[in-house]
Amino acid sequence: MGLAALPDRVDDFKASIEETIQYAKAINCPMVHVLAGVCPEGANFEQMEAIYLDNLSWAVKRLQQEGIQSLIEPINNRSLPGYFLNCFDKAVSYIEKVNSPSLKLQLDLFHLQVLKGDLTANIKRLFPYVGHIQIAQVPDRHEPDSPGEIDYFYIFQLLEKLGYTGWIGCEYFPAGSATEGLGWMKRVNAGAAS
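Let me sum up the structure you'll find in this document.

Calculation notes
- Residues numbered from 1 in each chain as written.
- Predicted model: local features only at pLDDT ≥ 70, side-chain atom pairs only at ≥ 80, totals over all residues.
- Heavy atoms only, no water.
- Helix = DSSP H or I, 4+ residues; strand = E, 2+ residues; numbered from the N terminus.
- Expected span 1.5 Å × (residues − 1).
- Buried < 20%, exposed > 50% of the residue type's maximum accessible area, 1.4 Å probe, protein only.
- Polar contact = N/O pair within 3.5 Å; in protein donor to acceptor, adjacent residues only side chain to side chain.
- Salt bridge = Lys/Arg side-chain N within 4 Å of Asp/Glu carboxyl O.
- Contact = heavy atoms within 4.5 Å.

The end-to-end C-alpha distance of helix α2 (residues 45-65), which contains 21 residues, comes to 30 Å, matching closely the 30 Å that a straight helix rising 1.5 Å per residue would cover. Listing the buried residues of α2 in full gives Met48, Glu49, Ile51, Tyr52, Leu53, Asn55, Leu56, Ala59, Val60, Arg62 and Leu63. In this structure Asn44 caps α2, since a side-chain oxygen of it lies 3.0 Å from the backbone nitrogen of Glu46. Of the residues trailing α2, Gly67 is marked for its positive phi of about 75°.

Between side chains of opposite charge, a pair can form when the charged atoms approach closely. Taken as a whole and assessed by the stated rule, the structure comprises 9 salt bridges. Between Arg9 and Asp12 there is a salt bridge whose closest N-O contact spans 2.6 Å. Given the relative accessible area of 31%, Arg9 is considered partly exposed. With a relative accessible area of 37%, Asp12 lands in the partly exposed category. Where Glu49 meets Lys90, a salt bridge forms, and the shortest distance between an N and an O atom there is 3.2 Å. With Glu49 in helix α2 and Lys90 in helix α3 (residues 88-98), this pair connects stretches of sequence that are 41 residues apart. According to the relative accessible area criterion, Glu49 is buried, its value standing at 15%. Overall, the relative accessible area of 33% leaves Lys90 in the partly exposed class. In the salt-bridge network here, residues are joined through shared partners; they are Glu18, Lys25, Arg62 and Glu66.

This brings us to the side chain of Glu143. Here Glu143 is to be found in the loop between β4 (130-135) and α6 (152-162). Residue classification places Glu143 among the buried residues on the basis of a relative accessible area of 7%. Excluding residues that lie within four positions of it along the chain, Glu143 makes contacts with Gln137, Tyr172, Phe173, Pro174, Ala175, Gly176, Gly181 and Trp184.

Our next topic: the environment of Ile68. Mapping Ile68 onto the fold places it in the loop between α2 and β2 (69-72). Residue Ile68 is classed as buried on the basis of its relative accessible area, which comes to 4%. Between the alpha carbons of Ile68 and Val32 there is a distance of 7.0 Å; along the sequence they are 36 residues apart. Residues in contact with Ile68, not counting those within four places in the same chain, are Ile21, Ala24, Cys29, Pro30, Met31, Val32 and Leu63.

Take a look at the structure:
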């Protein structure tokens, strides 16, 4: 789950970014998620943070040279125990420290709900930093219209009101088949039309 914060993997991290550039160019992908990695047991947070900021700054510049936007995403520790970047406030502080228009937040609403809740206020607060949005229902990470904590019909209206025009990624585990799992889009579109 990434190498950017791992002190003993700097060369591997840089090589992975070079390889990522080749894949991104081949499929015309304009954005890349720079994964932080899982903290090794007994790791020194300050050392990892310094490496992360150095690697992230380097990656943002390197990807920018190729016309590719860099994204960072906080991931909750329930879904991925030990993941280095597990706080939205830290992500914003890293974006501000790197200080590049080529670094944005990948706002996964599943992780935001698990970590912070209060989605309306948090989406509005984080919106200036957002480069991409991902969705899944909480708590089971199924389709957005499956039973759960998030009213995505409302969230989609909020994002439209805020002026979001980018793609919305669907990062969920279908409750049934993959084909059945795509039926939620028709139901949301039908609700929007009524």
